[in-house]
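Here is how the chains run, residue by residue.
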Amino acid sequence: PARVHCGVPVICIGNLNAGGTGKTPLTIALVERLIARGWSPHVVSRGYGGQLTGPVTVLPHQHSAAQVGDEPLLLATFTPVHVARDRGRGAAFAEQAGADIILLDDGFQNPTVKKDLSIVVVDAQKKFGNGLCLPAGPLREPVSAGLARADLVVVLGTDQDQQRFRQMWGHALVRRGAGTSLAEPLPLLTGALCPLQTGMDWQGEKVMAFAGIGHPEKFFATLRAVGAVIVHQEALQDHQPLTPQLVTRLVKQAQGLGAQLVTTEKDAVRLPKQFQTQILTLPVRLNLSDWSAFDTALSLVCEIKHD
């Protein structure tokens, strides 16, 4: 099918690994960066886990995660989000809705929309796993093929993990010009996910933690890092529906342990309404050490779009 060409810049946020690498926190960080600079970004998402085919604008107070997916519901509290199975129609819909820049969430392997800037997110700890594609490894496509289409790479993790990632995969972050011997390093952004200061003092707080995200153990580690005492932790499937039966069991179990139930922001949007006030969240935000590579790439895109 013909690719959709938008009249506004399209930034694609994707990954090579199946499962969580930190795309949602990066999308939030990009939205906040763009809004601060006077843009009106809209997010276009496939609405993974939702029933609506769209295109439809996500309304946080009306839609449920079962309808539009948990990530779009969370992102819609920051900026307009449109869910569409057909990403091309979604992008056109966002442009009509007033977007002057579009963030295409998890569309890196999807060829239906012409992208002006493609960002690949990597978890420095998980890296690219064993470097093999599904089902033998964690990759959706080979590293070399994926990075050949990337304009920017964002690596998330501790300084130690960043260093190990560069030692193992630094060679893959160099692009060879087609038919030339020229090699140029891919622009790299580094950052880490940090707990958001919400005024909650977690130090010594007895908690029972549950998470249905790509890597629940990361959430549990973050809770420990802020001083919470985890008396029980439950790792659910990624995007697992939080049925009233399941949540009732978790609430009773936490009460029996004399612990406060806590989950992630992404899980919280899937909670049945009646439980939303009983369960705390520990939000995380992405802190990028230096935005200059992104700012440069974006200004290049804008120049090309205006010519």
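Here's what I pulled together on the structure shown here. Worth saying up front: this structure is predicted, and the values here are computed from it rather than measured. (Residues numbered from 1 in each chain as written. Predicted model: local features only at pLDDT ≥ 70, side-chain atom pairs only at ≥ 80, totals over all residues. Heavy atoms only, no water.)

**A few points about unusual backbone geometry**
Our working rule: Only DSSP runs of H or I covering at least 4 residues are called helices, and only runs of E covering at least 2 are called strands; the numbering of each starts at the N terminus. Relative accessibility decides the category of a residue: with a 1.4 Å probe and only protein chains considered, values under 20% of the type maximum give buried, values over 50% give exposed, and everything between is partly exposed.
Residues Gly-54 and Pro-55 are joined by a peptide bond in cis, for which omega reads 5°. Cis rather than trans, the peptide bond between Leu-134 and Pro-135 has omega equal to 0°. With respect to the helices and strands, the residue Pro-135 is situated in the loop between strand E6 (117-123) and helix H5 (143-148). A positive phi angle, close to 55°, is found at Lys-127, a residue other than glycine. When you line up the elements, Lys-127 lands in the loop between E6 and H5. Here Lys-127 falls in the buried class, since its relative accessible area comes to 12%. If you check the backbone angles, His-239 has positive phi at about 65° while not being a glycine. Tracing the backbone through its elements, the reader meets His-239 in the loop between strand E12 (229-235) and helix H8 (244-257).

**Here we look at the pattern of salt bridges**
Rule in force here: The salt bridge criterion pairs a side-chain nitrogen of Lys or Arg with a carboxyl oxygen of Asp or Glu, the two atoms within 4 Å.
Within this structure, the stated rule accounts for 12 salt bridges. Residues Asp-123 and Lys-218 are paired through a salt bridge, measuring 2.5 Å at the closest nitrogen-oxygen approach. In this pair, Asp-123 sits in strand E6 while Lys-218 sits in helix H7 (residues 216-225), placing the two residues 95 residues apart along the sequence. Assessed through its relative accessible area of 29%, Lys-218 is described here as partly exposed. The partner of Arg-285 in a salt bridge is Glu-265, and the shortest N-O contact between them spans 2.8 Å. Taken as a pair, Arg-285 in strand E15 (residues 284-288) and Glu-265 in helix H9 (residues 265-268) lie far apart in primary sequence, 20 residues in all. When sorted by exposure, Arg-285 lands in the same class as Glu-265, which is buried. A network of salt bridges, in which partner residues are shared, links Arg-33, Arg-37 and Asp-295.

**Thoughts on the sheet that holds strand E1 (residues 10-14)**
For clarity, the threshold we go by: At least two DSSP bridges between two strands are required for those strands to pair.
Overall, mixed pairing links the 9 strands, which are arranged E3-E4-E2-E5-E1-E6-E7-E10-E15 in an open sheet. Strands at the two margins of the open sheet, each flanked by one partner only, are strand E3 (56-57) and E15. Summarising the sheet, E1 and strand E5 (residues 101-105) pair through 4 bridges and their orientation is parallel. Looking at E5, one finds that Val-10 is bridged to Ile-102.

**Some words on the nonpolar core**
Quick note on the threshold: As used here, the term nonpolar core means buried Ala, Val, Leu, Ile, Met, Phe, Trp, Tyr and Cys residues forming a set that is joined through side-chain atoms within 4.5 Å. In this description, contact between two residues means that some pair of their heavy atoms is separated by no more than 4.5 Å.
Formed by 35 residues in total, the largest nonpolar core has its most connected members in Ile-11, Leu-26, Leu-30, Leu-103, Ile-119 and Phe-294. With residues near it in sequence (within four places) discarded, Leu-26 still touches Ile-13, Ile-119, Val-121, Val-154, Leu-286 and Leu-288. By size, the runner-up hydrophobic cluster in this structure holds 28 residues, among which are Cys-12, Ala-124, Val-143 and Val-153.

**Quick look at the pairing of strand E13 (residues 260-263)**
Inspection of the sheet shows strand E11 (residues 206-211) paired to E13 by 3 bridges, in the parallel sense. Counted as the bridge partner of Met-208 is Leu-261 from E13. The sheet contact formed by E13 and strand E14 (residues 280-281) spans 2 bridges and is parallel. Residue pairing in the sheet places Thr-263 in a bridge with Thr-281 of E14.

**Focus on the sheet that holds E14**
Threshold: With axes taken as lines fitted to C-alpha atoms, and helix axes fitted only over the stretch in contact, angles between N-to-C directions fall between 0 and 180 degrees.
Judged by pairing direction, the sheet is parallel, and its 4 strands sit side by side in the order E12-E11-E13-E14 without closing on themselves. On the outer flanks of this sheet lie E12 and E14, each paired with one strand and no other. Sitting on the sheet, H7 touches E11, E12 and E13, and the angle it makes with E11 is about 160°.

**Focus on a nonpolar patch on the surface**
Our working definition: Nonpolar side chains (Val, Leu, Ile, Met, Phe, Trp, Tyr) are joined into patches within 5 Å and like charges within 9 Å, using only residues with over 30% relative accessible area and no salt bridge. Note on areas: Shrake-Rupley with a 1.4 Å probe; residue coverage comes only from the protein chains shown.
A surface patch of nonpolar side chains, amounting to about 200 Å² of accessible area, comprises Val-229, Val-231 and Leu-257. With respect to the element layout, Val-231 can be found in strand E12.

All quantities given are derived from atomic positions and should not be read as evidence of function.
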